[in-house]
Amino acid sequence: MGRDGAYCGLGASPSVCGGRRQCTEGRGSGGRRKQRYVEKNGKCNVQHGNMLETYRYLTDIFTTLVDLRWRVSLLVFVLAYTLTWLSFGLIWWFLAYCRGDLEHLGDKAWTPCVHNLNGFVSAFLFSIETETTIGYGFRVIADSCPLGIALLLLQAILGSMVNAFMVGCMFVKISQPTKRAETLIFSERAVVSPRDGRLCLMFRVGDLRRSHIVEASIRAKLIRSKQTAEGEFIPLDQTEVGVGLETGDDRLFLVSPLIIAHEIDSRSPFWEMSKDGLRAEDFEIVVILEGMVEATGLTCQARSSYLCEEVLWGYRFMSVLSLEGGHYEVDYGMFHQTFEVSTPTCSAHELTERLAEAEAQLYWSVARPEEEGAPPATGPGSGSGSDS
């Protein structure tokens, strides 16, 4: 059945919902391109500006370094070690210069603080050997130089701190499970169609890897601007879209692709939304999938979103599972595919009211003939016999 043939009601006639039709689709109201709050790849489309208290980034310098881009992180990594070596190399050269070691090069009677240190280059190399504990044995500290011994201890301690800090940052950055989220996929479209006698908003999620996401959970948020009764305008207001939190259906065993359903009931933000009203709306549905990576135990989060024009009314997802040779096979080529089904074009609220009216009319049409054919009621003393 084509889109024009879609009718309102779960097996009801088109007159139940007034016979409304909507066949046009667009990029948004008036054909304009709508701005996303969250991109399809999960990137949040938000820029921070006019941040006056930038010093707060330095109070959490570790997280700041981890959040940097890779090229910046590598630059900081190289600069941290290079500047440390250069700084201590300059200090070793200055110590030798102050003690007069550079003026007594080749003097066998003079005992320098650092043997074989004859300039800034050799001081820089000695700094590298000290901090990295290479110890070639050519340049060594004399036991008669207490300042050199103290400087050696200081560089060893600070060098260990630099190593711990920079290696820790790189390890955390490498082990971040952000790339794992790229193998968690969402359907390109969301659909609205009947399920078990009720209208449901549905989308599909899947995992491309064989290693699973442990303790996976799904959430959904409706993002749209609204105005309160007091006249306050709230841009990008977030409303929870229930996907089974009360029943535990939000906890997923994501071994094969799953269809996540939001039942449109009286608590749903789509309770008053019809097929015609959907095209006039301006909203975004953000879906968030979270769980632990089985291989590393780290928490992973994948995000996607659906604009109102990416919600197909009257469609259902194609099946992707089949039984092949004693195992279930997933056809990801059908992951995004949908097909049209008979779906009400009115809102879930209107549909519920009209179905309730139809049930009430059916009840009275059955009850009245039974009342008309019932025998007249008799009193307690109206029996045909008499006592004599």
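Model, not experiment: these values are computed from the prediction.

1. A short note on the overall build of the protein
Per the secondary structure count, the protein includes seven helices and 14 strands. For the protein, the proportion of its 388 residues judged to be buried stands at 36%. Partitioning the intrachain contacts of the protein with sequence separation of at least 6 by distance along the chain shows that 67% fall at a separation of at least 24. Only carbon and sulfur atoms are counted for the fraction: they give 56% of the accessible area of the protein, which is about 23700 Å².

2. Examining the pattern of salt bridges
The tally for this structure, following the rule as stated, stands at 13 salt bridges. For E350, the salt bridge is made with R354, and the minimal N-O distance between the two is 3.0 Å. Placement of both E350 and R354 in helix α7 (residues 348-372) is noted, with a separation of four residues, approximately one turn of the helix. Three or more residues joined by partner-sharing salt bridges are found here, namely R36, K40 and E310.

3. Thoughts on the confidence of the model for the protein
For the protein, the mean per-residue pLDDT works out to 82, and 85% of the residues sit at or above 70. Taken as a whole, residues 1-30 scores under 50 in pLDDT and shows 66 contacts with residues more than four places along the chain or in a different chain. Every residue in residues 381-388 scores below 50 in pLDDT, and together they form zero contacts with partners more than four places removed in sequence or on other chains.

4. A closer look at the nonpolar core
Grouped together as the largest cluster of nonpolar side chains are 38 residues, with contacts concentrated most on I218, F270 and I285. Going through the elements one at a time, β1 (184-186), β2 (190-195), β3 (198-207), β4 (213-227), β8 (284-293), β9 (299-307), β10 (311-313) and α7 are the ones with two or more residues in this core. Take this core: its biggest share by element is five residues, from β4. In contact with F270, other than residues within four places in its own chain, are L201, L222, V241, H262, I264, F283 and I285. If you look at the next biggest cluster of nonpolar residues, it comprises eleven residues, including F88, L117, C145 and L151.

5. Topic: helix α3 (residues 70-99)
In a regular helix each residue adds 1.5 Å, so 30 residues correspond to 44 Å; α3 covers 44 Å between its end C-alpha atoms and thus fits that length. Where α3 is buried, its residues contact α2 (61-67), α4 (120-131) and α5 (146-175). Among the residues trailing α3, G100 stands out with phi positive, at a value near 85°.

6. Observations regarding the layout of surface pockets
Computed from the structure, the largest pocket encloses a volume of approximately 1600 Å³. Lining the largest pocket are 40 residues, with G42, K43, C44, T178 and R303 positioned closest to its centre. Looking at the lining of the largest pocket, the elements with two or more residues in it are α1 (56-59), α2, α5, β1 and β9. Across the lining of the largest pocket, the residue classes break down as 15 nonpolar, 13 polar and twelve charged. Among the secondary structure elements, those contributing two or more residues to the lining of the second largest pocket are β4, β6 (251-252) and β7 (258-263). Per-element accounting of the lining of the second largest pocket gives the leading share, five residues, to β7. For the lining of the second largest pocket, the class distribution of residues is ten nonpolar, six polar and eleven charged.

7. Observations regarding the side chain of S304
By secondary structure assignment, the location of S304 is in strand β9. A residue is classified by how much of its surface remains accessible, and S304, at 2% relative accessible area, is buried. Among the polar contacts made by the side chain of S304, one reaches the main-chain carbonyl oxygen of K40 at a distance of 3.3 Å. For S304, the contacting residues outside a window of four places in its chain are V38, E39, K40, F186, I285, V286 and V287.

8. Section: the packing of aromatic side chains
Inspection of the entire model under this criterion finds eight aromatic pairs. With centroids separated by 5.9 Å and ring planes inclined at 80°, the aromatic side chains of F62 and F165 adopt a geometry described as edge-to-face. With a gap of 103 residues between them, F62 in helix α2 and F165 in helix α5 connect regions that are remote in the sequence. Classification of F62 as partly exposed rests on a relative accessible area of 30%. For the ring pair W92 and F126, a centre distance of 4.9 Å and an interplane angle of 85° mean the geometry is edge-to-face. Of the two residues, W92 is situated in helix α3 and F126 in helix α4; the sequence distance between them amounts to 34 residues. Owing to a relative accessible area of 1%, W92 belongs among the buried residues under this scheme. Clustering of aromatic rings is evident, with ring pairs tying together F77, Y81 and W85. The side chain of R204 reaches across the aromatic face of F335, ending 5.3 Å from its centre.

Parameters and conventions
- Residues numbered from 1 in each chain as written.
- Predicted model: local features only at pLDDT ≥ 70, side-chain atom pairs only at ≥ 80, totals over all residues.
- Heavy atoms only, no water.
- Helix = DSSP H or I, 4+ residues; strand = E, 2+ residues; numbered from the N terminus.
- Buried < 20%, exposed > 50% of the residue type's maximum accessible area, 1.4 Å probe, protein only.
- Contact = heavy atoms within 4.5 Å.
- Areas by Shrake-Rupley, 256 points an atom, 1.4 Å probe, with all protein chains shown as cover.
- Salt bridge = Lys/Arg side-chain N within 4 Å of Asp/Glu carboxyl O.
- pLDDT = per-residue confidence, 0-100.
- Core = buried A, V, L, I, M, F, W, Y, C linked by side-chain atoms within 4.5 Å.
- Expected span 1.5 Å × (residues − 1).
- 1 Å grid on protein atoms, 1.4 Å probe; cavity = no way out; pocket = protein on both sides within 12 Å on 5 of 7 lines; lining within 4 Å.
- Points joined across faces, edges and corners; volume = space filled by probe spheres on them.
- Nonpolar A, V, L, I, M, F, W, Y, C, P; charged D, E, K, R; others polar.
- Polar contact = N/O pair within 3.5 Å; in protein donor to acceptor, adjacent residues only side chain to side chain.
- Phe/Tyr/Trp six-rings, centres within 6.5 Å; stacked < 30°, edge-to-face > 60°.
- Lys NZ or Arg CZ within 6 Å of the ring centre and 35° of its normal.

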